[in-house]
Amino acid sequence: MSAEKAKKTVPYTVPIGPVHPALKEPVMFTFGMEGEIVRTVDFAPGQTHRGIEWMGMRRNPVQIVHLTDRICGICGIVHSLSFARAVEQIAEIEVPERADYIRTILHELERIQSHLLWAGVAAHELGFDSLFYLAWRVREQSMDLIENLTGNRVNYGIVQIGGVRRDISDEQRALVEKGLDYYQGLLDQMATLFLKDSTILMRCRGHGILSGDDARLLCTVGPTARASGLNMDVRQDYPYCAYGDLDVKAILPPPETGGPQGDVYDRIIVRLLEVGQSIGIIRQCLGQLPAGEILWEPKMAKLLSVLKKAEGEGIGRVEAPRGECMHYVKMAGKEAPDSWKVKASSYSNLMSWIPMLQGEQLADIPIIVASIDPCLSCTDRVAVTRNGQSDILTKEDLTRLSREKTRRMMQ
Amino acid sequence: MIETLPALLAGAVLVAAFSIIIGLLLMGFDRIVAARMQARIGPPLTQPFTDIRKLLAKENVVPENAIPWLFNLAPIIALASAITILFYLPIGGFAPVLSGGGDLILVMYLLTLPALALVAGGFASGSPYATVGAQREMVTMIAYEFPLAIVVVAIAWRLAAAGISLPFSLATIEANPVWGLVGPLGAIGLLILLIVLLIVTPAELSRVPFDTPEAETELAGGILVEYSGKNLALFSLTQGVKTVAMASLVVALFFPYRLAAIAGISGFAGAVIDLLVYIVLITLVAFISVSVIRVAMARFRINQVVSVYWIYLAIAGLAGLLLVMVDQIMGVV
Amino acid sequence: MAGLPLLPELVRQLFSRPATNAFPSRHLPPSITGFLAKVARGEATIHPPIPTPPKFRGKIVYDREACIGCSLCLRVCPAHAIEFIPETKRVRIYVTQCIFCSQCNDVCPKNALHMSHEFLLATEDRYAESQIVE
Ligand code: SF4
Ligand code: SF4
């Protein structure tokens with residue numbers, strides 16, 4: 001329902017966004033309220049469009065792969081991995097096995113840090129800051145591991161077309177194992193802190209419900225879909241990297257907690273269990289890490305010339321911490337790709353906000369919005385233009401507007 | 001009791017200055033312990049003073065669709081009424097500045113005044129967040145008044161049952177500490193009442209889990225969202241003074257002892273000891289009912305705030321009252 | 001405690017050392033930028049010392065003598081942070097634009113580019129001396 005129409009049918013509207021403490025990234029919500037109850041929901045993404053695809057069309061794949069690192073500030077590997085996989089498909093590049101395993105290990109370490117980050121954010125949205133600090137503190141361990149393996153904390157720069165850029169040494173292996181032991185020991189404690197807390201239970205159980213049918217109809221992905229009982233996970237359904245050799249099953253809310261109910265609480269459960277699953281996957285990978293090369297072609301000049309000749313279309317899909325992430329690439333024998341399309345996982349999940357939020361209280365908005373772990377700057381691929389009027393403000397526009405305002409204030 | 005007008009004024013100024021300073025120190029203390037409990041370093045003890053100084057230097061922004069006079073008046077009323085509460089409460093060994101004029105009932109009314117001023121300011125801001133915040137503040141007020149009243153009535157009733165006249169007067173309560181009047185059953189009842197009062201305090205002060213009117217992640221500061229500069233500074237001071245007032249009320253009701261007199265120390269040394277004991281006690285109360293509660297819980301929804309107070313705490317309070325009554329009847333029999 | 005499982009941990013933390021650091025110095029300096037300038041001059045040190053991981057990619061360093069001006073690095077730089085100066089046949093790197101991917105290091109045939117461990121790079125001037133490597 002449009003915001004104008006909503007105004008007529010509900011007593012009053014509350015705008016949340018584009019910038020608001022409940023939102024970690026910009027998106028504009030308009031809620032039609034009746035007392036404290038949300039009656040209508042409308043939202044407008046596209047507030048943080050950065051034109052990254054446009055940049056990509058002017059660069060060669062070896063350059064783009066590091067741009068993709070910057071699509072998301074949390075998922076440093078999923079975008080570069082799915083882009084690289086799409087290009088590898090087109091150029092028929094075979095990734096060495098060892099590289100596939102290293103990609104998998106980092107992919108799962110990233111899931112651990114991302115889910116812990118989310119857990120902290122969720123606690124903060126509930127007004128439970130102590131738990132937020134605790135979750136983010138234990139997250140540091142995984143950040144340290146990633147930093148050690150790749151060189152940097154967030155923008156890893158580890159994926160290259162045809163493999164990975166850095167190997168895992170024996171010392172690093174020992175470090176990773178130590179880190180995994182740390183998390184293994186922590187899992188039970190985290191589960192108690194999040195799932196046994198009566199205030200969290202009061203706020204999350206039975207709220208923000210997304211039924212299994214709605215989840216399927218709205219094409220949700222990742223933990224959001226699994227918490228509603230959909231048995232889907234790209235790692236299980238279409239194995240990539242090393243997942244074909246590993247034992248990965250989609251995680252659904254277990255019967256002990258009452259099976260999938262599709263509420264916020266189930267989304268917490270699924271993510272916590274996935275941290276445990278990731279630990280298991282990394283252990284398996286370390287156990288059967290094959291020896292060998294890590295790059296298909298270490299000489300970059302040669303790689304570039306191969307990529308320049310490549311022609312065709314490719315799709316890279318990976319299971320990001322938030323769900324399936326997909327990159328479509330079309331190459332036509334030129335330096336730069338002919339077309340490049342990024343579909344971040346949150347893109348599929350955003351619409352589920354509407355059934356989740358309707359009928360809930362104003363107080364539940366932050367936690368429900370956060371419960372799908374939205375990543376908006378990854379998602380925004382367009383900015384809206386209406387009636388010939390552009391909603392995109394360039395730097396010049398902003399400077400002009402601020403100057404005008406200053407003048408008004410000085411009068 | 002202070003008789004002359006100049007002495008009265010001097011006392012009032014002293015109490016106001018004292019409550020503001022102690023209030024800000026308590027806020028600083030709360031921030032440090034909360035930080036330590038969350039494994040952070042936290043700000044220095046004097047951080048609230050720095051904050052206030054900075055706010056006072058800032059411009060007041062009045063939103064376009066606010067009602068300016070009410071918007072600007074609300075913070076002044078809030079601070080003034082919060083300080084007035086302390087005129088009626090004993091501070092340390094000192095009798096209340098206005099001891100002759102008021103009793104517990106008056107204190108209870110005065111306690112609602114800063115909150116009402118806040119509500120008025122919120123509605124006057126003309127922002128949807130502040131409006132929702134103000135509505136929630138009213139609901140919260142109605143919710144916690146009931147258990148608070150039970151506690152006050154229980155204590156006064158016990159004093160009246162013991163044949164003491166003027167049971168609502170704070171001087172009477174101080175002269176006859178309730179713990180001395182009750183048997184073991186009554187003591188359990190009083191303990192329950194004490195806990196109820198300690199849980200009412202965070203709502204009175206708008207702290208997590210009862211900070212729904214301000215709810216940072218939902219309402220971006222809710223009732224205070226439009227306030228800035230000096231007005232916000234006044235509300236921050238109010239917050240500090242209210243902390244002192246609530247803690248003093250808890251101390252006045254449940255620990256009305258003058259240790260110096262009991263130990264036989266009089267004069268200046270006695271007054272200093274009483275004052276120190278009082279400060280330690282209110283710090284302890286603030287620690288338990290502000291810091292510990294707020295770090296250990298998630299924020300409640302507004303309907304949960306109501307059910308916590310109207311159902312759980314009301315039942316607990318009534319149980320406490322019942323125990324005190326049974327204890328008294330058994331004592332008589 | 002029933003229902004509030006975090007409480008015991010909070011009490012434990014109250015009596016243990018905080019997990020956060022007083023960064024970048026033990027006590028707040030009058031001016032952070034002034035303090036960092038001092039650090040850059042070697043007159044003060046960062047507290048606590050921040051260890052960088054072995055493969056850390058900090059500010060780029062350029063060996064002008066080794067470079068042969070092949071401009072291969074320009075082709076792989078995702079950020080267009082490298083500029084080729086035709087007169088001198090050497091390159092210039094704009095650190096404010098660099099995204100620290102180190103791809104230019106990999107491609108350089110003469111090993112003329114490296115990533116250092118320096119990470120406190122923020123300034124207010126894009127074209128400050130510290131932000132241009134040549
Ligand atoms: S490190 Fe990367 S971004 Fe920086 S100059 Fe080299 S190639 Fe360009
Ligand atoms: S690739 Fe190396 S040698 Fe070639 S221009 Fe760049 S820095 Fe110089």
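From a predicted model like this one, the values you see are computed outputs, not experimental measurements. (Residues numbered from 1 in each chain as written. Chains lettered and ligands numbered in written order. Predicted model: local features only at pLDDT ≥ 70, side-chain atom pairs only at ≥ 80, totals over all residues. Heavy atoms only, no water.)

Caption draft 1: Structural context of the site of ligand 1. Surrounding ligand 1, one finds Ile 60, Cys 77, Pro 78, Ile 82, Cys 98, Ile 99, Phe 100, Cys 101, Ser 102, Cys 104 and Met 115 of chain C. Partitioning the shell around ligand 1 into residue classes produces 10 nonpolar, 1 polar and no charged. (Near = heavy atom within 4 Å. Nonpolar A, V, L, I, M, F, W, Y, C, P; charged D, E, K, R; others polar.)

Caption draft 2: Quick look at the interface of chain A and chain C. Contacts between chain A and chain C engage 36 residues on the former and 26 residues on the latter. Among the residues chain A hides against chain C, the three largest losses belong to Gln 63, Arg 165 and Met 300 of chain A. Together they make up 19% of the total. For the interface between chain A and chain C, the tally reads 2 salt bridges. A salt bridge links Arg 165 of chain A to Asp 106 of chain C, with the shortest nitrogen-to-oxygen separation between them at 2.9 Å. Applying the counting rule to chain A against chain C returns 19 residue pairs in polar contact (both at pLDDT 80 or more). Of all the secondary structure elements, the ones that give two or more residues to the side of chain A that touches chain C are helix H3 (61–68), helix H6 (129–150), helix H7 (170–195), helix H8 (198–204) and helix H13 (300–309) of chain A. No other element matches H6 of chain A, which puts 8 residues into the side of chain A that touches chain C. (Contact = heavy atoms within 4.5 Å. Buried area = accessible area lost by both parts, 1.4 Å probe. Salt bridge = Lys/Arg side-chain N within 4 Å of Asp/Glu carboxyl O. Polar contact = N/O pair within 3.5 Å; in protein donor to acceptor, adjacent residues only side chain to side chain. Helix = DSSP H or I, 4+ residues; strand = E, 2+ residues; numbered from the N terminus.)

Caption draft 3: Region of the structure containing the site of ligand 2. The immediate surroundings of ligand 2 are formed by Tyr 62, Cys 67, Ile 68, Gly 69, Cys 70, Ser 71, Cys 73, Val 91, Cys 108, Pro 109 and Leu 113 of chain C. Tallied by class, the residues present in the shell around ligand 2 amount to 9 nonpolar, 2 polar and no charged.

Caption draft 4: Representation of a nonpolar patch on the surface. Residue and element names in this part refer to chain B. A grouping of Ile 142, Phe 146, Trp 310, Ile 311, Tyr 312 and Ile 315 is seen on the molecular surface, where their side chains present a nonpolar patch of about 660 Å² in accessible area. Of all elements in the fold, only helix H5 (128–161) and helix H12 (302–332) reach the threshold of two or more residues within the nonpolar patch. Per-element accounting of the nonpolar patch gives the leading share, 4 residues, to H12. Assignment of secondary structure puts Phe 146 in helix H5. Of the residues examined, Phe 146 reaches a relative accessible area of 35% and is grouped as partly exposed. (Patch = residues over 30% accessible without salt bridge, like charges linked within 9 Å, V, L, I, M, F, W, Y side chains within 5 Å. Areas by Shrake-Rupley, 256 points an atom, 1.4 Å probe, with all protein chains shown as cover. Buried < 20%, exposed > 50% of the residue type's maximum accessible area, 1.4 Å probe, protein only.)

Caption draft 5: Structural detail: the packing of H6 of chain A against helix H1 (residues 7–14) of chain C. Running from N to C, H6 of chain A and H1 of chain C cross one another at 75°; their axes reach a closest spacing of 11 Å. In terms of orientation, H6 of chain A lies roughly perpendicular with respect to H1 of chain C. Here Ser 130, Leu 134 and Arg 137 of chain A of H6 of chain A lie close against H1 of chain C, whose contacting residues are Glu 9, Leu 10 and Gln 13 of chain C. Class assignment of the residues belonging to the contact of H6 of chain A with H1 of chain C gives a composition of 2 nonpolar, 2 polar and 2 charged. (Axes fitted to C-alpha atoms, helices over the stretch in contact; angles between N-to-C directions. Parallel < 35°, antiparallel > 145°, perpendicular 65-115°, else oblique.)

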